[in-house]
There are 2 protein chains.
Amino acid sequence: MSLPPLAARLSGLQSSAIRDLLKLTSRGDIISLAGGLPDEQLMPQEKIAAAADAALARRSRLQYTESAGWIPLREVLAARESARLGRTVPLGEVFVTHGSQQALSLLAEVLLDPGALVLVEDPAYVGALQVYRAAGARIVAVPLDADGMRVDVVEQLLARGERPAVVHTVSNFHNPRGVTMSPERRRRLAELAVAHGFWVVEDDPYGELWFERPSPDPVATYAPNVIRLSSASKTLAPTLRVGWMVAPESVCRAVELLKQGADLCGSALTQQIAADLLADTDWFTAHVDSVRAVYGERAKALVAAVRGRFGDRVVSTDAAGGMFVWVDFTDGTDTSALLPRAIEQGVAYVPGAAFAVGAGHENSLRLSFVTSDTTTLTEAIERLGRAADGRPQSRS
Amino acid sequence: MSLPPLAARLSGLQSSAIRDLLKLTSRGDIISLAGGLPDEQLMPQEKIAAAADAALARRSRLQYTESAGWIPLREVLAARESARLGRTVPLGEVFVTHGSQQALSLLAEVLLDPGALVLVEDPAYVGALQVYRAAGARIVAVPLDADGMRVDVVEQLLARGERPAVVHTVSNFHNPRGVTMSPERRRRLAELAVAHGFWVVEDDPYGELWFERPSPDPVATYAPNVIRLSSASKTLAPTLRVGWMVAPESVCRAVELLKQGADLCGSALTQQIAADLLADTDWFTAHVDSVRAVYGERAKALVAAVRGRFGDRVVSTDAAGGMFVWVDFTDGTDTSALLPRAIEQGVAYVPGAAFAVGAGHENSLRLSFVTSDTTTLTEAIERLGRAADGRPQSRS
């Protein structure tokens, strides 16, 4: 017996290449630098357990909560974001979502009519691409360099008459590209947003994970039409499913209506855990410092191993923060073709092509440094080296 | 400085009337029978706290989990649903969502092309209406009577050439209408779904909350193109945000792709709590029995008070399960006009018009019996009586 059809537009939807790849590389003998997950060994297990006990001592935490988020959590976030943005952020401009991915997906519905133009960085955060594609947006890629999004290219597009509804940027320690947008470009992007009347979605899950120096003032510091997204997934734990958005009240109210239809509300339990931990400022600062120290050491080891093993066959980012290093092969190595041999040698990564908005990035790859210790990272790069040495890689 | 515009289609979105009303009736001196929340006093607080401790003893519970749901939870649900449906439900047909509301909203995207026809019960579950409207569906109302959805009206619509993509039903203890679809109608609806190639969404959050006798076999027993939704919110606690769907694998895989874009995954913490409690079969059965007993007693008291106070001015449902009683005034009382006077007297309810698919139900109201004890319920109806006696109510 045949089933009724599914919606026609589903035919365009595909599983993320990264996600499918991850399924292949969970074999125990493979060192996977392909993942996008933070290190669970560094998550504050005991502190979360204690906060869960405190939350569950109150029956009201068992109930539904506000669609915009449990108010005490929004208060803590408003205080933190006020400090970050250098202005008093009112409660009505703070909205809690189920991870920052949900903020992205609800915002796409709130900000975009079908066919609207969205500018995204290339290579792109795949989760954002997926959302904008599903929203039926027209997507135009803007390249990145060592100073982040090429805002001069945005200017050229505007000069050519393009009228974006949204410009999306992962401003700090870009996933996958590893770079951070310079302060000058932040200011310029905000000016353009005001002058041309578009929204900037500043997607910032990694901003607190800086290694040498704090990340620059957010783009949102410079204009009211910048919507800032962040998350507790990378500093506390993904299981909390706590992300948030700082946006003008009109945007928050529209997102609230959509959130009611999408899933009613978040969990009062996990939102209280997040609130308790974020409110404990001294503890939180020390905790993030310790995560930073470990990730920073791993990043340094990985970059050193890459440069030591490959020399001028590659250009690697410096990994000044976040979770990822981006490596460009300068000798034409095709990283998709290399992957099966790498897996044979016992190491996995994500080929650059998986992050391409259209085509491109065939000679690049993304490495995560956060879930392996320095010895393992060094061994992983040795394996990668063996895979790359095996036979001629170039297809060009 | 003006902000960029929001998406044009948002102009049609409105906050739920019930939700706005609830904000008005949280005054301490008002007995609210307007709510839709289960009684938090009956939620298994200690058991949830113990399960949270057990979950948080493992670091992997802090991490992201599978988009389709934490596998041990899906296994428990598959076992429970196999017993309920009288067939072996494979894991690939079970998908965990963030409450059953998320299942509804993702399904609307999976099953409906814009303009597709959806048949809904009238009065309707407002959360479903909201979702189908947001999906751009054409919505046609099917009335309910004491035996649930008027499947004969569905047949008439089909005979007239209507081709629904989805028929949505709250098959057990309907919200707001209180009725349950008869076994004969379930079988007939399933036959029609197969013959005419439409999906049935069987939305069943209340099925376990029966008072006198278990609810009938699900519609999903009779055909493979019935998608069954349920939830732990009414039997355990809303804070878990655990709902689920039993659907053909092709539907589950499509929902999985959308879930990745919507919010990546649920919480491993709350999903393990739900899994532990649902797997403890003896405890769970005794727990739901005790909830049933309390709700049943309250339902009986409320219905008796309504009939005692209003006599043949009203027809009330019997409240054989679930959370709600539906009262029709036979004397033309306009329940929207009555509401301000009821609030003056210290009682709140939801006017029937709030659940209308188009217009109608002006002489009806919905009462929740689950969050007040029997004495309070009786007092509430006395207050409602005073409000209704105050002056002539009829506008007709």
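Residues numbered from 1 in each chain as written. Chains lettered and ligands numbered in written order. Predicted model: local features only at pLDDT ≥ 70, side-chain atom pairs only at ≥ 80, totals over all residues. Heavy atoms only, no water.

Peer 1: Describe the interface of chain B and chain A, listing the residues and the values that go with them.
Peer 2: Counting residues at the interface gives 76 residues for chain B and 76 residues for chain A. Where chain B touches chain A, the interface holds zero salt bridges. Between chain B and chain A we count 47 residue pairs in polar contact (both at pLDDT 80 or more) in total. Looking at the side of chain B that touches chain A, the elements with two or more residues in it are helix H2 (45–56), helix H4 (99–111), helix H5 (126–134), helix H8 (249–263) and helix H9 (268–279) of chain B. Tallying contributions element by element places H8(B) first for the side of chain B that touches chain A, with nine residues. Here the residues of the side of chain B that touches chain A are counted per class, giving 41 nonpolar, 23 polar and 12 charged. (Contact = heavy atoms within 4.5 Å. Salt bridge = Lys/Arg side-chain N within 4 Å of Asp/Glu carboxyl O. Polar contact = N/O pair within 3.5 Å; in protein donor to acceptor, adjacent residues only side chain to side chain. Helix = DSSP H or I, 4+ residues; strand = E, 2+ residues; numbered from the N terminus. Nonpolar A, V, L, I, M, F, W, Y, C, P; charged D, E, K, R; others polar.)

Peer 1: Quick rundown of the pattern of salt bridges? Include the residues and the values.
Peer 2: Residues and elements named next belong to chain A. Going through the model one piece at a time under the given rule, you end up with 46 salt bridges over all chains. Close ionic contact of Asp-152 with Arg-150 constitutes a salt bridge, the shortest N to O distance being 2.9 Å. What makes Asp-152 partly exposed here is its relative accessible area of 31%. We classify Arg-150 as partly exposed; its relative accessible area is 26%. When the shortest N-O distance is used, the salt bridge between Arg-313 and Asp-389 registers 3.3 Å. Taken together, the positions of Arg-313 in the loop between helix H10 (281–310) and strand E10 (314–316) and Asp-389 in helix H12 (residues 374–389) put the pair 76 residues apart, joining distant regions of the chain. One connected set of salt bridges, linked through shared partners, spans Arg-309, Arg-313, Asp-331, Glu-382, Arg-386 and Asp-389. (Buried < 20%, exposed > 50% of the residue type's maximum accessible area, 1.4 Å probe, protein only.)

Peer 1: Residues and numbers for the relation of the copies chain B and chain A, please.
Peer 2: If you rotate chain B by 180° and push it 0.0 Å along the axis, it lands on chain A with an RMSD of 0.0 Å. Both copies of the chain, as the preceding transformation shows, are related through a two-fold rotation axis. Both copies contact each other with a shared surface, as 100% of the interface residues of chain B are interface residues in chain A too. (Least-squares fit on C-alpha atoms with pLDDT ≥ 70 in both.)

Peer 1: Residues and numbers for helix H5 (residues 126–134) of chain A, please.
Peer 2: Given 3.6 residues to a turn, an α-helix orients residues that are three or four positions apart in the same direction. Residue and element names in this part refer to chain A. Summarising burial for H5: seven of the nine residues are buried, a large majority. The complete set of buried residues in H5 reads Val-126, Gly-127, Ala-128, Leu-129, Gln-130, Val-131 and Tyr-132. Where H5 ends, the next residue or the one after it, Gly-136, has phi of about 75°, a positive value.

Peer 1: Give a description of empty space enclosed by the protein that names residues and reports values.
Peer 2: Evaluated as defined, the whole model comprises six cavities of 30 Å³ or more. Around the largest cavity, the lining is made up of 18 residues, and of these A:His98, A:Arg241, A:Ser267, B:His98 and B:Arg241 lie nearest the centre. Along the lines of polarity and charge, the residues of the lining of the largest cavity split into four nonpolar, 12 polar and two charged. (1 Å grid on protein atoms, 1.4 Å probe; cavity = no way out; pocket = protein on both sides within 12 Å on 5 of 7 lines; lining within 4 Å. Points joined across faces, edges and corners; volume = space filled by probe spheres on them.)

Peer 1: Lay out the environment of A:Thr285 in plain terms, naming residues and giving numbers.
Peer 2: Residues and elements named next belong to chain A. Secondary-structure assignment places Thr-285 in helix H10. The exposure class of Thr-285 is partly exposed, given its relative accessible area of 40%. Taking the C-alpha atoms as reference points, Thr-285 and Thr-180, 105 residues apart in sequence, are found 22 Å from one another.

Peer 1: Explain the UniProt feature "domain: Aminotransferase class I/classII large" (unreviewed entry) in chain A residue by residue, including any values.
Peer 2: Those places that UniProt annotates as "domain: Aminotransferase class I/classII large" (unreviewed entry) correspond, in this numbering, to residues 41–384 of chain A. Between the C-alpha atoms that bound residues 41–384 of chain A the distance is 25 Å, and the span itself is 44% helix and 17% strand. (UniProt positions renumbered as here; feature names shortened; annotations may be inferred.)

Peer 1: How would you summarise the sheet that holds strand E13 (residues 350–351) of chain B if you had to cite specific residues and measurements?
Peer 2: Working definition: the strands of a sheet are paired by backbone hydrogen bonds and lie parallel or antiparallel to each other. Spatial ordering of the open sheet is given by E10-E11-E14-E13 (chain B), a layout of four strands whose pairing is antiparallel. Of all strands in the sheet, those bounded by a partner on one side alone are strand E10 (314–316) and E13 of chain B. (Pairing = 2+ DSSP bridges.)

Peer 1: I'd love a proper account of the sheet that holds strand E2 (residues 94–97) of chain B, names of residues and values included.
Peer 2: Residues and elements named next belong to chain B. The strand order across the open sheet built from eight strands is E2-E9-E8-E7-E6-E3-E4-E5, with neighbouring strands paired in mixed fashion. Only two strands of the sheet have a single neighbouring strand rather than two, namely E2 and strand E5 (148–149). Where strand E6 (residues 166–169) lies against strand E7 (residues 199–203), four bridges are found, and the strand directions are parallel. What sits directly across from His-168, in E7, is Val-201. Packing of helix H6 (residues 151–159) onto the sheet brings it into contact with strand E3 (117–122), strand E4 (138–145) and E5, and relative to E4 it is tilted by some 145°. (Axes fitted to C-alpha atoms, helices over the stretch in contact; angles between N-to-C directions.)

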